[in-house]
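# Chain and residue survey
Now for the letters of each chain:
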Amino acid sequence: MGDETFGAAFGRLVKRKRADAKLTQGRLAESVWPNASDAAERRKADISKLETGRVGNPHTTTVQRIAETLGIADAEIDALRRQVSMTPQEQLDAVPTLSRNQLELLASRFELERAFDRSDAQLRDFLEKKAEEYRAYRAQIDALDARLPQVHNLKGAAQEAAARLDF
């Protein structure tokens, strides 16, 4: 699970909302920047970069304009900001209370294909399984610390045996 930026999360949300509104990237760019006719292609490219996660931290004004155009509530944007600042464990622990957008965002971090086509129940089930896997993995990592003294003792005994040529 790689680190997620707000720009990548917001870009996925924009892409979904734009598709729901049946807008092209060009039409969205025209709506967001109505006076940018001379730079229409550049603005369309800006939307493309945002949707593909190539904008780590979009400008606040850009976020506001796009959100207003697509009807994205401030609460949704705030929730995205909070989620990307959470640790993986915090995100996985919060699965039962996550919104649809947050479920899709977290599922995408696990590279679940077509997360947007799955029901909330399917996403929650998938993510609960990932949470179990994550906890088991963390437990294995934590268990290594308990074994370090044993490994150290075995290494010492093996070194003494090698010094005596007693293999």
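In the block above lies the structure referred to throughout.
Residues numbered from 1 in each chain as written. Predicted model: local features only at pLDDT ≥ 70, side-chain atom pairs only at ≥ 80, totals over all residues. Heavy atoms only, no water.

## Let's talk about the overall build of the protein
- A tally of helices and strands in the protein yields eight helices and zero strands.
- A compact globule built from 167 residues would reach a C-alpha radius of gyration of about 15 Å, whereas the protein, at 24 Å, exceeds it by more than 25%.
- With respect to the principal axes defined by its C-alpha atoms, the protein has extents near 85 × 35 × 25 Å.
- Within the protein, buried positions represent 32% of all 167 residues.
- Long-range contacts, defined here as pairs at least 24 residues apart, represent 58% of the contacts in the protein between residues at least 6 apart.
- Total accessible area on the protein is roughly 10800 Å²; 50% of this is exposed by carbon and sulfur atoms.
- Averaging the coordinates of the 27 positive side-chain charges in the protein and doing the same for the 27 negative ones gives two points 4 Å apart. (Helix = DSSP H or I, 4+ residues; strand = E, 2+ residues; numbered from the N terminus. Rg over C-alpha atoms; globule rule 2.2 N^0.38 Å. Buried < 20%, exposed > 50% of the residue type's maximum accessible area, 1.4 Å probe, protein only. Contact = heavy atoms within 4.5 Å. Areas by Shrake-Rupley, 256 points an atom, 1.4 Å probe, with all protein chains shown as cover. Lys, Arg positive; Asp, Glu negative; His and termini not counted. Charge placed at Lys NZ, Arg CZ, Asp CG, Glu CD.)

## What about the packing of aromatic side chains?
- Taken as a whole, this structure holds two aromatic pairs when the rule is applied.
- Measuring from centroid to centroid gives 5.6 Å for Phe6 and Phe10, while their planes differ by 15°, and the two rings are stacked. With Phe6 and Phe10 both in helix α1 (residues 6-20) and four residues apart, this pair spans about one turn of that helix.
- By relative accessible area, Phe6 is classed as buried at 6%.
- Assessed through its relative accessible area of 0%, Phe10 is described here as buried.
- Relative to Phe126, the ring of Phe110 lies with its centre 6.3 Å away and its plane at 80°, an arrangement referred to as edge-to-face. Placement of the pair is Phe110 in the loop between α7 (100-109) and α8 (120-163) and Phe126 in helix α8, with a sequence separation of 16 residues.
- Over the face of the ring belonging to Phe6 we find Arg81, whose NZ or CZ atom lies 3.9 Å from the ring centre. (Phe/Tyr/Trp six-rings, centres within 6.5 Å; stacked < 30°, edge-to-face > 60°. Lys NZ or Arg CZ within 6 Å of the ring centre and 35° of its normal.)

## Quick word on the environment of Asn153
- In this fold, Asn153 is placed in helix α8.
- A C-alpha to C-alpha distance of 46 Å links Asn153 and Leu105, two positions 48 residues apart in sequence.

## A short note on the nonpolar core
- In terms of nonpolar packing, the biggest core is built from 20 residues, with Phe6, Phe10, Val14, Ile66, Ile72, Ile77 and Leu80 touching the most fellow members.
- Of all the elements in the fold, those that place two or more residues in this core are α1, α2 (25-32), α3 (40-51), α4 (60-70) and α5 (74-85).
- If sequence neighbours within four positions are ignored, Ile66 has contacts with Phe10, Val14, Val32, Ile47 and Leu50.
- The next biggest cluster of nonpolar side chains, apart from the first, holds 12 residues, and it includes Val95, Ala107, Leu123 and Leu127. (Core = buried A, V, L, I, M, F, W, Y, C linked by side-chain atoms within 4.5 Å.)

## Things to note about the packing of α2 against α4
- At a minimum axis separation of 9 Å, α2 and α4 run at an interaxial angle of 110°. What the angle tells us is that α2 and α4 run roughly perpendicular. Taken as a pair, α2 and α4 cross one another with a handedness that is right-handed. Facing α2, whose interface residues are Leu28, Ser31 and Val32, α4 presents Arg65, Ile66, Thr69 and Leu70.
- Per-class residue counts for the contact of α2 with α4 are four nonpolar, two polar and one charged. (Axes fitted to C-alpha atoms, helices over the stretch in contact; angles between N-to-C directions. Parallel < 35°, antiparallel > 145°, perpendicular 65-115°, else oblique. Left-handed = near helix turned anticlockwise from the far one by under 90°. Nonpolar A, V, L, I, M, F, W, Y, C, P; charged D, E, K, R; others polar.)

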